Amino acid sequence: MPQPAAPPGAMAAAVGPVSLRELLLGAGGAADEEVCVVGIFGKTALQLCSEKEALVSTVCDRQVFPLFPQGHPEPEEGGPGLEGDLATKDYNQLQAYYCQESRVLYLVLTSICDTPQLLRACGDLAAAESRESPGPLPHAEAHEFWKHQEKLHCLSLLYLFSVCHILLMVHPTCSFDITYDRVFRALDGLRQKVLPSLKAAIKDCPVGKDWKLNCRPCPPRLLFLFQLNGALKVDPLPSRGQDPCGHLEKPPPKKHSPKRRLQHALEDQIYRIFRKSRVLTNQSINCLFTVPANQAFVYIVANGAQDGDDPVAMLLDQLRSNCTMRETDSLLAPTLSGPRRYQMMRHGRQQLSFHAESSSSSSSSSGQLVDFTLKEFLWQHVELVLSKKGFDDSVGRNPQPSHFELPTYQKWVATALKLYEVTIEAKDDDPTSPTGELSAKIMSSIKVLEGYLDIDTKFSENRCQKALPMAHSAYQSNLPHNYTMTVHKNQLAQALRVYSQHARGPAFHKYAMQLNEDCYKFWSNGHQLCEERSLTDQHCVHKFHLLPKAGEKPEADRNPPVLYHNSRARSTGACNCGRKQAPRDDPFDIKAANYDFYQLLEEKCCGKLEHINFPIFQPSTPDPAPARDESSPAPPEGEIEKLKEKEPQTQGESTGLSLALSLGQSTGSLGTYPPDAQGGGDNAEGHGQSGDSKSEKRPSLVDRQASTVEYLPGMLHSNCPKGLLPKFSSWSLVKLGPAKAYNFHTGLDQQGFIPGTNYLMPWDIVIRTRTEDEGDLDTNSWPAPNKAVPGKRSAVVMGRGRRRDDIARAFVGFEYEDARGRRFMCSGPDKVMKVMGGGPKESAIKALNSDMPLYILSSTQGRGLKPHYAQFMRLFVVVPDAPLQITLTPQVQPGPPPCPVFYPEKQEITLPSDGLWVLRFPYAYVTERGPCFPPKESQQLMSYKVLRGILKAITQ
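Residues numbered from 1 in each chain as written. Predicted model: local features only at pLDDT ≥ 70, side-chain atom pairs only at ≥ 80, totals over all residues. Heavy atoms only, no water.

Please explain the confidence of the model for the protein as it appears in this structure.
Should pLDDT be low for a region, the predicted coordinates there are not to be read in detail. Within the protein, residue pLDDT values average 76, and 72% of them lie at 70 or more. Contacts from residues 73–84, a stretch scored under 50 in pLDDT, to residues over four places away or in other chains number 25 contacts. This stretch, residues 786–803, has a pLDDT under 50; its non-local contacts, to residues over four places away or in other chains, come to 21 contacts. (pLDDT = per-residue confidence, 0-100. Contact = heavy atoms within 4.5 Å.)

Would you mind showing me how to read the pattern of salt bridges here?
Side chains that differ in charge, positive against negative, can pair when their charged atoms come close. On inspection of all chains with the given rule, the structure shows 20 salt bridges. One salt bridge in this structure joins Glu552 and Arg558, with 3.2 Å as the shortest N-O distance. Residues participating in the shared-partner salt-bridge network are Glu815, Glu817, Arg823 and Arg874. (Salt bridge = Lys/Arg side-chain N within 4 Å of Asp/Glu carboxyl O.)

Explain helix 12 (residues 374–386) here, please?
Because the α-helix completes a turn every 3.6 residues, residues three or four places apart line up on one side. With 13 residues, helix 12 extends 18 Å from end C-alpha to end C-alpha; this agrees with the ideal 18 Å at 1.5 Å per step. Gln380 marks the point of greatest bend in helix 12, at about 30°. Here the buried face of helix 12 lies against strand 2 (36–42), helix 3 (53–60), strand 4 (104–110), strand 5 (166–171), strand 6 (221–227) and strand 7 (298–301). Phi turns positive one or two residues past the end of helix 12, at Lys388, with a value near 65°. (Helix = DSSP H or I, 4+ residues; strand = E, 2+ residues; numbered from the N terminus. Expected span 1.5 Å × (residues − 1). Bend = angle between axes of the 7 residues up to and from the residue.)

Any chance you could explain the nonpolar core here in plain terms?
For soluble globular proteins, nonpolar side chains are generally found buried alongside one another. The biggest cluster of nonpolar side chains holds 105 residues, and the ones touching the most others in it are Phe41, Tyr106, Phe184, Phe224 and Trp412. Apart from the residues lying within four places of it in its own chain, the contact partners of Trp412 are Leu20, Leu24, Val37, Leu105, Leu107, Val163, Trp211 and Pro407. Within the second largest apolar cluster, 82 residues are counted, among which are Cys605, Leu748, Val892 and Cys932. (Core = buried A, V, L, I, M, F, W, Y, C linked by side-chain atoms within 4.5 Å. Buried < 20%, exposed > 50% of the residue type's maximum accessible area, 1.4 Å probe, protein only.)

I tried to follow the side chain of Glu815 on my own but got confused; where do I start?
Within the fold, Glu815 resides in strand 17 (residues 803–818). Side chain to side chain, Glu815 and Arg823 meet in a polar contact 2.8 Å long. Apart from the residues within four sequence positions on either side, Glu815 is in contact with Phe753, Arg823, Phe824, Met825, Gln871, Phe872, Met873, Arg874 and Phe876. (Polar contact = N/O pair within 3.5 Å; in protein donor to acceptor, adjacent residues only side chain to side chain.)

Would you take a moment to explain the sheet that holds strand 24 (residues 892–894) for this structure?
Either a parallel or an antiparallel arrangement is found when strands of a sheet pair, and the pairing is made through backbone hydrogen bonds. Spatial ordering of the open sheet is given by 20-29-24, a layout of three strands whose pairing is antiparallel. On the outer flanks of this sheet lie strand 20 (852–853) and strand 24, each paired with one strand and no other. As defined by bridge partners, strand 24 adjoins strand 29 (residues 944–946) across three bridges and the pair is classed as antiparallel. Each residue of the ladder has a partner; that of Val892, found in strand 29, is Val946. (Pairing = 2+ DSSP bridges.)

Can you walk me through the packing of helix 16 (residues 455–476) against helix 18 (residues 508–524) in this structure?
What describes two packed helices is the angle between their axes and the distance between those same axes. With their axes 10 Å apart at the nearest point, helix 16 and helix 18 run at an angle of 30° to one another. The orientation of helix 16 relative to helix 18 falls into the category roughly parallel. As helix 16 runs across helix 18, the sense of the crossing is right-handed. Packed against helix 16, whose contacting residues are Ser460, Glu461, Cys464, Gln465, Leu468, Ala471, His472, Tyr475 and Gln476, the element helix 18 presents Phe508, Lys510, Tyr511, Gln514, Leu515, Asp518, Cys519, Phe522 and Trp523 at the interface. Tallied by class, the residues present in the contact of helix 16 with helix 18 amount to 10 nonpolar, five polar and three charged. (Axes fitted to C-alpha atoms, helices over the stretch in contact; angles between N-to-C directions. Parallel < 35°, antiparallel > 145°, perpendicular 65-115°, else oblique. Left-handed = near helix turned anticlockwise from the far one by under 90°. Nonpolar A, V, L, I, M, F, W, Y, C, P; charged D, E, K, R; others polar.)

Please explain helix 5 (residues 139–163) as it appears in this structure.
In a regular helix each residue adds 1.5 Å, so 25 residues correspond to 36 Å; helix 5 covers 37 Å between its end C-alpha atoms and thus fits that length. Here helix 5 lies mainly inside the structure; 18 of its 25 residues are buried.

When you look at the packing of aromatic side chains in this model, what are you seeing that I'm missing?
Aromatic rings considered in pairs are described by the distance between their centres and by the relative angle of their planes. Scanning all chains against the criterion turns up 34 aromatic pairs. With 6.3 Å between their ring centres and 35° between their planes, Phe224 and Phe274 make a pair best called tilted. Of this pair, Phe224 sits in strand 6 while Phe274 sits in helix 8 (residues 258–276), and the two are 50 residues apart along the sequence. Phe274 matches Phe224 in its accessibility class, with the two residues each being buried. (Phe/Tyr/Trp six-rings, centres within 6.5 Å; stacked < 30°, edge-to-face > 60°.)

Before we go on, may I ask you to explain the pairing of strand 2 in this structure?
In summary, the side chains of a regular strand alternate between the two faces of the sheet. Along strand 2, seven of the seven residues are buried, which leaves the element largely enclosed by surrounding structure. Bridge count for strand 2 against strand 4 is five bridges, and the pairing is parallel. Within strand 4, the position partnered with Gly39 by the bridge is Leu107. Inspection of the sheet shows strand 2 paired to strand 5 by five bridges, in the parallel sense. In the sheet register, Val38 faces strand 5, and the bridge partner there is Ile166.

In this structure, what is going on with the sheet that holds strand 3 (residues 93–99)? I would like to understand it.
With respect to topology, seven strands assemble into an open sheet ordered 1-3-4-2-5-6-7, the strand pairing being mixed. Across the chains shown, the open sheet's two edge strands, defined by having one partner strand only, are strand 1 (18–19) and strand 7. When strand 5 meets strand 6, the two strands line up parallel, connected through six bridges. Residue His171 lies in a different strand from strand 6, and its bridge partner there is Phe226.

Would you take a moment to explain the environment of Phe65 for this structure?
Summarising the element assignment, Phe65 is placed in the loop between helix 3 and strand 3. The spatial distance from the C-alpha of Phe65 to the C-alpha of Tyr97 is 9.3 Å, given a sequence separation of 32 residues. Once residues lying within four places of it in the same chain are set aside, the contact partners of Phe65 are Pro17, Glu53, Val56, Ser57, Gln95 and Val108.

Would you mind going over the side chain of Thr110 with me for this structure?
Looking at the secondary structure, you find Thr110 in strand 4. Judged by its relative accessible area of 10%, Thr110 is buried. Those residues in contact with Thr110 that lie beyond four places of it in its chain are Lys52, Glu53, Tyr91, Asn92, Gln93, Gln95 and Gln117.

What exactly am I supposed to notice about the environment of Leu386 here?
On the secondary structure map, Leu386 appears in helix 12. For the pair Leu386 and Cys36, spaced 350 residues apart in sequence, the C-alpha separation works out to 6.4 Å. Among all residues touching Leu386, those that are not within four sequence positions of it are Cys36, Ser102, Arg103 and Leu406.

Mind showing me how you'd approach the pairing of strand 8 (residues 570–574) here?
For strand 8 and strand 9 (residues 581–585), the ladder comprises five bridges, and the chain directions are antiparallel. When the sheet's bridge partners are listed, Gly573 is paired in strand 9 with Ala582. In textbook terms, the turn of a hairpin is the stretch between consecutive antiparallel strands, and for strand 8 and strand 9 this stretch comprises six residues, one of which, Gly578, has a positive phi near 95°.

Help me out: how do you make sense of the state of the cysteines in this one?
As used here, a disulfide is simply a covalent bond connecting the sulfur atoms of two cysteines. Scanning the model with the defined rule gives zero disulfides in all. Considering cysteine sulfurs only, Cys606 is the nearest to Cys575, which forms no disulfide, with 3.4 Å between them. Judged by relative accessible area, Cys575 falls into the buried class, the value being 0%. (Disulfide = S-S within 2.5 Å.)

Written out as structure tokens, the structure reads:
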């Protein structure tokens, strides 16, 4: 009887296996031949003989798949061979082979459970690690990659369970892998979830109503194939020439062979497991798969390659065995070909594929039942399909028959192609297309698998969720009601340490980010302290608030409240002239620190005194704008706050100046000049001893036209832009009265001075040198009685021509003031003046020739351990009524290099004669980048200094 014509796709497949996609797309013509579809999946070991493809060769009695594959089929679009994101790659491949003689279509699934695909996935993962980052891939990302591949594997399995009649699960050991129970339960849940989408995909296919309703031709029957791998060894048959009765001393064999007893034990174990987990139920129509009740569904391949065998030795032994022909083989060799020749070549001790045992492997005369071969084991189930009897696997009192349909090749291809498009091929299609829409629904339902497959993540999430409350408690322990970002970060670091002690697994990073967000929400929800720091480096005590706008009143009840900054730190300060003291709040802006406080006291004390005003910004437009330095633009407020939070913080760091200034190249509004020009005080003119030599003067701001459009937002210093002036001056120069207003014996009569420290130091300036013959001995040229400086003789030089110098006496005082209003004079660096009576005995020349500290330890410290500093606030100068000029050039460096040098808006000020002048220094020093904070305990006070050369005397 001639065989029916096979379809073109099947004829192509008969030559060799092809990918399932090629088979489905290449089918054509009339194909009325009914087919049984057998799907093969499972795991493979590292040994060559454990490949699943060898199963097809064994059943078909021909070498269908190559024994040594040279390569793998090219992956489809979005497959593992393409460059791209690892999450989009699919390492699952379906190969098909149609056996025309037996009318069986074999579908072989290769996935990451197989060694070749696993190696390719590991190679791609290693390449991605080296391409994206030098270090290893994070644990969470690597875990997500492998779990995603498991989900894609489940999609391929779902496809096989939807198009096959019989499924063969291959396992490389002889023990059942319990993880399959979880996989099958996941597949069952996924199938119930995507069943509506699958129905919509095959609603127009030429198949029966039951197939369209259940999306499968029948509940597939699942068979299990195990390999021994040395766990159970079967004694070989005695070879030719040996006595078959040589082992009569052994006990008589049992009814079943050891292999069959193992098969029965595995069947019972598998059935109990699946019944306990309800993967198998009484009604087979509701199950993902079925197992036969009265037929064997477990088969053990007993003569596979043993564990530990050398593959090279095995191949050499096989080659030697095949080349040594026996007598009977030599007679059959010329006449046999095709499948019979393939069977004849598999008679050696070990073989490279699944062994189809001979029916004479166990003698029936010994009393044991005959073990059937692999083909006989499979064909008893295939014949039920081809004979259209179907599977009646329901059990119980009222078993319900399940549907069964044996499709023709063409109908099966049409249905399988639709399911292939929506489950496997169309994962990356346009979601707006009908196929893409169904595929998107299926991919969205894949999350059902997470509860079954991703046990590690589930455990990790439970563990991390238990660790979160402990981390929250660690964060909130010992917290004030309102706190700053620095405290928040410290507490968050402590919470993360507690969290890392208890949290484990791939969800660690996810819940660490959640902990970070939770702590931030707790802090920002009514616990956030104002981050603004005062100019004395004190935090604002208010919670997060807004500043009142112009003309707006503070409102503490609003959310957020509208309040002025307040650190609750108060100090006592004196006015410009020093005669009146008043309490002051801790300032938060430069205007309140250096101008507003003194303007309030100006009305009560200093308003009627003579002032020397400094030039300030005079606007020519109604809306002037603050200037920005293009070379070093000012950072936004947030960046300034970040700079303030850095610990330890030096004053040089807070200014953020350029590297050029730290190298001694100060380029500011005065051009480039060496650092010695700032010192001024090393020459004789700085000491007031010579008026003949004239040093080169630097150009002053008053010599240039200042801008009337842009103003300087901070204070004038060596790094600010040229031609800019502030809106107000932070300096003040006031005349207290004539020179005789100062009494050398009693000192200054002002508030707050510590007794014995309110004296000014004398400064003798040589006006004219003349010989004894020229001058008239007028007593006015000599000091009055009891007014000569002790230990200081008039400059009389003994010699042939005796001469006498005319000397004018000025007085200088360096006043320091601490936060509690205590004031004192210093006679030198780090030396507090102490006069018991009769006026000071030290001259001012030593102090004028030295850099005076801007901050000094207060002479009276408190009870606490924190030291109290006094700040240099005023310079008192008594200019005598004499033919000389005293020039004032104050320069202050409030921090270590590269902190800039601050000076008034008028750098060189000539003080009129016969006057008691007071130069009030700024309370705070601020640049465009932020304030220069007072020194910390660990910083050197001499880095904060008033540069020498502050006074120069020039005789006329």
